[in-house]
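# What the coordinates show
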Amino acid sequence: MIKLNRLKSLIWLRWQYLMSNKGLLYIGIGMPIGEMALLSLIPNIHGNAGFLSFSLNFVYSITSGSFISLMIGEEKEKKNLRTLILSGVKMKEYTFSVIIFPFIFSIISCIYFPLLFGVHISSWPVYIFIIVSECLFFILANLSIGLFSKNQVQASLFTLIIFIFVTLLPIILELTSNELIKNIIEWSFIGINTKYFIELEKFQISNISTISILLWIFGMSILTRYAFAWNRKEHNWNDKYK
């Protein structure tokens, strides 16, 4: 059961940490918004739905991604995660305090970018569903990466692999006519975002890619739970035999 006072304290501590770590804050928020704002000034890019798709992938990978894994990686290096676990912080409390700000920042960026690039969104409810789903997946995936990694270097390596994968998949889809590759991409965690920007107004929420992202989120939630339990067990074991 979540204790409200402890959760409030964790959220307040997380906010103080972000305010004192300007470099991480820039990587997670300033870099995606700042760079995309500059690129939106290029005439050929303004109104380009394909570039909007690339920008969202950038937000998923950075703001919903490496922002979290690097934050947790630093906590593990400084033994802060160990202190929290040994003090009795529950998984739900810790997870919520970690993801709340990246999630808010990600959603704000994803809503702002269509306006920034001048891209018409035919159905905002569908668009919101897609960006919330993708943000949740990337947040949970990088939360797991951070919990399993020993330090920021390991976390950075794994998040870089995901970033390359996310960047290349839409390009591969445009270049290939192979049905097997198309099906693999459609079932991938970035499939619903890629498919949406290919079909736009023709996109139907009731398709394979929608089921796929929900399954990916469910799978990542289980992995995150296991990753936190693994950290708890490891720290309790080390503390017992120290």
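Nothing here was measured: the structure is a model prediction, and the numbers come from that model.

Another point: the overall build of the protein. Within the protein, the regular secondary structure consists of 10 helices and zero strands. Counting helices and strands in the order they occur from the N terminus, the protein gives α-α-α-α-α-α-α-α-α-α. By the compact-globule yardstick of 18 Å for 242 residues, the protein fits well, its C-alpha radius of gyration being 19 Å. Based on the C-alpha atoms only, the size of the protein along its principal axes is roughly 60 × 40 × 30 Å.

Here helix 6 (residues 124-148) spans 36 Å end to end across 25 residues, near enough to the 36 Å set by a 1.5 Å rise per residue. Burial analysis of helix 6 places 18 of its 25 residues in the buried class, the great majority of the element.

Summed over all chains, the structure comprises 22 aromatic pairs. With a centroid separation of 5.4 Å and an interplanar angle of 90°, the aromatic rings of Phe189 and Trp216 are classed as edge-to-face. Here Trp216 lies in helix 10 (residues 208-240) and Phe189 lies in the loop between helix 8 (179-186) and helix 9 (191-199), a separation of 27 residues in the sequence. Phe189 gets classed as buried once you look at its relative accessible area, which sits at 10%. A residue is classified by how much of its surface remains accessible, and Trp216, at 32% relative accessible area, is partly exposed. Ring-pair connections join several aromatic residues into one group, and the members of that group are Phe51, Phe54, Phe58, Tyr112, Phe113, Phe117 and Phe163.

The residue Thr159 is located in helix 7 (residues 152-175) in this model. The exposure class of Thr159 is buried, given its relative accessible area of 7%. Within the local environment of Thr159, its side chain forms a polar contact with the backbone oxygen of Ala155, the two atoms lying 3.0 Å apart.

As enumerated under the stated definition, the model contains zero disulfides in all. In this structure Cys110 is not part of a disulfide, and its nearest cysteine sulfur, from Cys135, lies 4.3 Å away. Assessed through its relative accessible area of 0%, Cys135 is described here as buried.

Here we take up the confidence of the model for the protein. Across the protein, the average pLDDT comes to 86, with 95% of residues at or above 70. No element of the protein has a lower mean pLDDT than helix 4 (residues 80-86), which averages 79, and none a higher one than helix 6, which averages 94.

Moving on to a nonpolar patch on the surface. Where nonpolar side chains cluster on the molecular surface, the patch consists of Leu160, Ile164, Leu168, Ile171, Ile172 and Leu175 and spans about 560 Å² of accessible area. Note on placement: Leu175 falls in helix 7.

Taking 1.5 Å of rise per residue, the 27 residues of helix 5 (residues 91-117) would be expected to cover 39 Å, and the 39 Å separating its terminal C-alpha atoms lies within 8% of that figure. At Ile99, helix 5 is deflected by roughly 35°, the largest bend along its length, and proline Pro102 occurs up to four residues later in sequence. Taken across its 27 residues, helix 5 has 19 buried, putting it largely inside the fold. At the exit of helix 5 stands Gly118, carrying a positive phi of roughly 65°.

To continue, consider the pattern of salt bridges. Under the defined criterion, the tally for this structure stands at five salt bridges. Glu93 is paired through a salt bridge with Arg6; the nearest N and O atoms lie 2.9 Å apart. Of the two residues, Glu93 sits in helix 5 while Arg6 sits in helix 1 (residues 4-20), which places them 87 residues apart along the sequence. Between Arg14 and Glu75 there is a salt bridge, with the nearest N and O atoms lying 2.5 Å from each other.

Mapped onto the secondary structure, Leu136 falls in helix 6. Among the residues examined, Leu136 registers a relative accessible area of 31% and is labelled partly exposed. Sequence spacing of Leu136 and Leu56 is 80 residues, and the spatial spacing of their C-alpha atoms is 13 Å. Residues within four places of Leu136 in sequence aside, it is in contact with Phe103 and Ile217.

Calculation rules
- Counting restarts for each chain, with residues numbered from 1 along the sequence as it is written.
- With pLDDT at 70 or above as the cut-off, local features in this predicted model cover only qualifying residues; side-chain atom pairs require 80 or more to be listed or tallied, and sums for whole chains, interfaces and linings still use all residues.
- Hydrogens and waters are ignored; side-chain quantities use all the structure's heavy atoms.
- Secondary structure elements are defined from DSSP: runs of H or I of at least 4 residues count as helices, runs of E of at least 2 residues count as strands, and each element is numbered from the N terminus.
- As a reference, a globule follows 2.2 Å times the number of residues to the power 0.38, and the radius of gyration itself is taken over C-alpha atoms.
- The span one expects for a helix is its residue count, reduced by one, times 1.5 Å.
- Per-residue accessibility, obtained with a 1.4 Å probe over protein chains only, is compared with the maximum for each type, and a residue is labelled buried under 20%, exposed over 50%, and partly exposed between these values.
- Working definition: rings of Phe, Tyr and Trp (its six-membered ring) pair if their centres are within 6.5 Å, and the pair is stacked with planes under 30 degrees apart, edge-to-face with planes over 60 apart, and tilted otherwise.
- Whenever a nitrogen or oxygen atom comes within 3.5 Å of another N or O atom, the pair is scored as a polar contact, on the condition that within protein one atom can donate a hydrogen and the other can accept it, and that pairs from neighbouring residues in sequence are kept only if both atoms are in side chains.
- What counts as a disulfide here is a pair of cysteine sulfur atoms lying within 2.5 Å.
- Every residue is assigned a pLDDT by the predictor, reflecting its confidence on a scale from 0 to 100.
- Excluding any residue in a salt bridge, patches collect residues exceeding 30% relative accessible area, merging like charges within 9 Å and nonpolar Val, Leu, Ile, Met, Phe, Trp and Tyr side chains within 5 Å.
- To measure how exposed things are, a 1.4 Å probe is used in the Shrake-Rupley method; for residues, cover is taken only from the protein chains shown.
- One speaks of a salt bridge when a side-chain nitrogen belonging to Lys or Arg is within 4 Å of a carboxyl oxygen belonging to Asp or Glu.
- We define the bend at each residue as the angle formed by axes fitted to the 7 residues ending at it and the 7 residues starting at it.
- Note on contacts: a residue pair is in contact if any heavy atoms of the two residues lie within 4.5 Å.

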